Amino acid sequence: MKVKYIDLEMGLLAVVIAFTAFINISTFHIANYREMKILMLLLGGVIILKYAHVIMKKEYQLINAGLLFFACVVGMSSFINRGLQGTDYVSVIVFAFTILETFSFVEIIRENEKVYMGCKIIYICCLVTCILSDLLMIVFPSRFSFLLHNDAYLVGNKFNVCYTHLYLLLFFCATHNLNRKRNRIVLVMLLVESIVVALSVNCTTGMISFFIFALLIVTKDRIYSIVEKPTFFVLLTIGLDLLLVVNSAVLSIPVISNFITNTLGKDITLTGRMGAYARFFLMMSGHYLLGYGLDHNYWVCLKGLTSNSIFDSIVSYGLIGTILVFLVSCEMIKKGRKKSDYAFLCGIYVFGMLSMVEVTLNLKFIILLAFVGLAWEKEKVQDNNDEW
């Protein structure tokens, strides 16, 4: 009976994490969804408090202290810049608690040997949401289309549609044995369906993310010894993010300019971002350490900021917060090396590579780090289950 009660608690907590961290429901369709998310976080917090002794273990103290400090930095940045347009303390609190509860959740299911169960429930939640979202786009295109509103899809905008499908792929891989032919076939079907969805919502970023994911999966044996190194991830991400800043000459190369203009359908300067990079340093004067605060990005964008993840992070929570994100990334990659499922590692590399032209090193990236570093059983490395 005790085991069943634990399963109930872990299952409920997994659903909370799924619908607060990984799945977003558009407030265009459910106006009170943010309030519902807050209630879910409160429920999750109550369950987590029961297992406070787990997250207080020495093994987790450093990472949890770092995350708590990061949350304080984000809060302080928003408070200092509270006079700017877009200040929303509720969003800051939801952001912070979503991160803290996601990491706490993974620590708890790890200690209770419920990693597979937790991941499977999140996978099911993503699967149901993706099916429902896709069907609504097909059956009611006039109500669930960007032509009506940017956030008219069930899960929000076109980026959220694609990222939810990406999470579906990641958790499918983490809960199914890909050595079985049946599961590989299903994975290919899910991947193709995700690409079709990205095409239907006109999201180039989504299509590229799925192709990067597929490439990382099929080349695992050749590249794992490289991508498992935290230093490589940091250097790759920073290098890609700074590529367009420090070497604009790259854009003059015919192959690259043709790819950007014809394949991505973008202007050769990536919608005028190069000029904005030059203005970034002037805008950040006096705000380098703590930034402008969460949800002030749009206000700053009006002044000329670009869709570049590192710059966006510096705007949101300054150099301090940005460095903390990379430190947590390094620690999680190191901790999960050869232990957590490879798909989660692929996920953060997808976000890292996309970060040069889109804002991806945000909440959706940070929550995934918990699974990269901690989603494996303590006493043994659990093989992927072959259940469907």
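Residues numbered from 1 in each chain as written. Predicted model: local features only at pLDDT ≥ 70, side-chain atom pairs only at ≥ 80, totals over all residues. Heavy atoms only, no water.

### Describing the overall build of the chain
Here's step 1: A count of helices and strands for the chain gives 17 helices and 0 strands.
Here's step 2: Here the chain holds 388 residues, and the buried ones make up 53% of them.
Here's step 3: Of the contacts made within the chain by residues no fewer than 6 positions apart, 78% connect residues no fewer than 24 positions apart.
Here's step 4: Approximately 18000 Å² of the chain is accessible, and the part contributed by carbon and sulfur atoms is 67%. (Helix = DSSP H or I, 4+ residues; strand = E, 2+ residues; numbered from the N terminus. Buried < 20%, exposed > 50% of the residue type's maximum accessible area, 1.4 Å probe, protein only. Contact = heavy atoms within 4.5 Å. Areas by Shrake-Rupley, 256 points an atom, 1.4 Å probe, with all protein chains shown as cover.)

### Quick word on the side chain of Glu-101
Here's step 1: Along the chain, Glu-101 falls in helix H5 (residues 89–111).
Here's step 2: Salt bridges are absent for the buried Glu-101, whose nearest opposite-charge side chain, Lys-37, sits at 12 Å.
Here's step 3: When residues no more than four places from it in sequence are discounted, the contact partners of Glu-101 are Ile-17, Leu-41, Gly-44, Gly-45 and Ile-48. (Lys, Arg positive; Asp, Glu negative; His and termini not counted. Salt bridge = Lys/Arg side-chain N within 4 Å of Asp/Glu carboxyl O.)

### As for the nonpolar core
Here's step 1: With 116 residues, the main nonpolar core has Phe-22, Phe-103, Phe-213, Ile-348 and Phe-371 as its most contacted residues.
Here's step 2: Residues within four places of Phe-213 in sequence aside, it is in contact with Leu-166, Leu-169, Leu-170, Cys-173, Leu-187, Leu-191, Cys-346 and Val-350. (Core = buried A, V, L, I, M, F, W, Y, C linked by side-chain atoms within 4.5 Å.)

### Some points on the pattern of salt bridges
Here's step 1: For the structure on display, the rule yields 6 salt bridges.
Here's step 2: With a closest N to O distance of 2.8 Å, Lys-50 and Glu-9 form a salt bridge. With Lys-50 in helix H2 (residues 33–50) and Glu-9 in helix H1 (residues 2–22), the pair connects residues that are 41 residues apart, well separated along the chain.
Here's step 3: Note on Glu-9: relative accessible area 9%, which makes it buried.
Here's step 4: Among the ionic contacts, a cluster of salt bridges with common partners joins Glu-59, Arg-110 and Lys-335.

### Describing the packing of aromatic side chains
Here's step 1: For the structure shown, the criterion picks out 17 aromatic pairs.
Here's step 2: Taking the centre distance of 6.2 Å and the plane angle of 50° together, the rings of Phe-70 and Phe-95 count as tilted. Of this pair, Phe-70 sits in helix H4 (residues 58–80) while Phe-95 sits in helix H5, and the two are 25 residues apart along the sequence. Across this residue pair, the class does not change: Phe-70 and Phe-95 are buried.
Here's step 3: Among the aromatic residues, ring-to-ring pairing joins Phe-22, Phe-105, Tyr-163, Tyr-167, Phe-171, Phe-344, Phe-351 and Phe-371 into one connected group.
Here's step 4: Positioned above the aromatic ring of Trp-376, the side-chain terminus of Arg-110 is 4.1 Å from the ring centre. (Phe/Tyr/Trp six-rings, centres within 6.5 Å; stacked < 30°, edge-to-face > 60°. Lys NZ or Arg CZ within 6 Å of the ring centre and 35° of its normal.)

### Examining a nonpolar patch on the surface
Here's step 1: Residues Ile-131, Leu-135, Ile-138, Val-139 and Phe-140 make up a contiguous nonpolar surface patch of roughly 500 Å² in combined accessible area.
Here's step 2: The exposed category is assigned to Val-139, whose relative accessible area is 52%. (Patch = residues over 30% accessible without salt bridge, like charges linked within 9 Å, V, L, I, M, F, W, Y side chains within 5 Å.)

### Examining the packing of H4 against helix H15 (residues 309–335)
Here's step 1: Between H4 and H15, the least distance of the axes is 9 Å, while the angle of their chain directions is 160°. The angle between H4 and H15 places the two elements in the roughly antiparallel class. Of the two elements, H4 crosses H15, and the hand of that crossing is left-handed. Between H4 and H15, the contacting residues are Glu-59, Ile-63, Leu-67, Phe-69, Phe-70, Val-73, Val-74 and Ser-77 on the first element and Ser-316, Tyr-317, Ile-320, Gly-321, Leu-324, Val-325, Val-328, Met-332 and Lys-335 on the second.
Here's step 2: Tallied by class, the residues present in the contact of H4 with H15 amount to 12 nonpolar, 3 polar and 2 charged. (Axes fitted to C-alpha atoms, helices over the stretch in contact; angles between N-to-C directions. Parallel < 35°, antiparallel > 145°, perpendicular 65-115°, else oblique. Left-handed = near helix turned anticlockwise from the far one by under 90°. Nonpolar A, V, L, I, M, F, W, Y, C, P; charged D, E, K, R; others polar.)

### Regarding unusual backbone geometry
Here's step 1: We note that Glu-113 has phi near 55°; this positive angle belongs to a residue other than glycine.
Here's step 2: As for its position among the elements, Glu-113 is in the loop between H5 and helix H6 (115–139).
Here's step 3: Here Asn-202, not a glycine, exhibits a phi torsion of approximately 60°, which is positive.
Here's step 4: For Asn-202, the location among the structural elements is in the loop between helix H8 (181–200) and helix H9 (204–218).

### Some thoughts on the packing of H9 against helix H16 (residues 342–354)
Here's step 1: Contact geometry for H9 and H16: axes closest at 9 Å, N-to-C directions at 135°. With respect to H16, the axis of H9 lies oblique. The crossing of H9 and H16 is right-handed. Within the contact between the two elements, H9 uses Thr-205, Ile-208, Ser-209, Ile-212, Phe-213, Leu-216 and Ile-217 and H16 uses Tyr-342, Cys-346, Tyr-349, Val-350, Met-353 and Leu-354.
Here's step 2: Tallied by class, the residues present in the contact of H9 with H16 amount to 11 nonpolar, 2 polar and no charged.

### Section: the environment of Leu-369
Here's step 1: Looking at the element boundaries, Leu-369 is found in helix H17 (residues 363–374).
Here's step 2: A residue is classified by how much of its surface remains accessible, and Leu-369, at 0% relative accessible area, is buried.
Here's step 3: Measuring from C-alpha to C-alpha, the distance between Leu-369 and Met-332 comes to 6.2 Å, with 37 residues separating the pair along the chain.
Here's step 4: Not counting the four nearest positions on each side in its chain, Leu-369 is found in contact with Phe-103, Val-325, Val-328, Ser-329, Met-332 and Ile-348.

### A word on the confidence of the model for the chain
Regions with low pLDDT should not have their predicted coordinates read in detail.
Here's step 1: Counting all residues, the mean pLDDT for the chain is 86, and 82% of those residues have values of 70 or more.
Here's step 2: Long-range and interchain partners of residues 380–388, a stretch whose pLDDT sits below 50, account for 26 contacts in this model, where long-range means more than four residues apart. (pLDDT = per-residue confidence, 0-100.)

### Details of the side chain of Thr-164
Here's step 1: Structurally, Thr-164 can be placed in helix H7 (residues 158–175).
Here's step 2: At 2.7 Å, the side chain of Thr-164 and the backbone oxygen of Asn-160 are in polar contact.
Here's step 3: Apart from residues no more than four positions distant in its own chain, Thr-164 is found in contact with Phe-22, Thr-129, Cys-130 and Val-155. (Polar contact = N/O pair within 3.5 Å; in protein donor to acceptor, adjacent residues only side chain to side chain.)

### Things to note about the environment of Ile-47
Here's step 1: Checked against the element boundaries, Ile-47 lands in helix H2.
Here's step 2: Judged by relative accessible area, Ile-47 falls into the buried class, the value being 8%.
Here's step 3: Placed 34 residues apart in sequence, Ile-47 and Leu-13 show a C-alpha to C-alpha distance of 7.2 Å.
Here's step 4: Here Ile-47 is in contact with Glu-9, Leu-12 and Leu-13, once residues within four sequence places are set aside.

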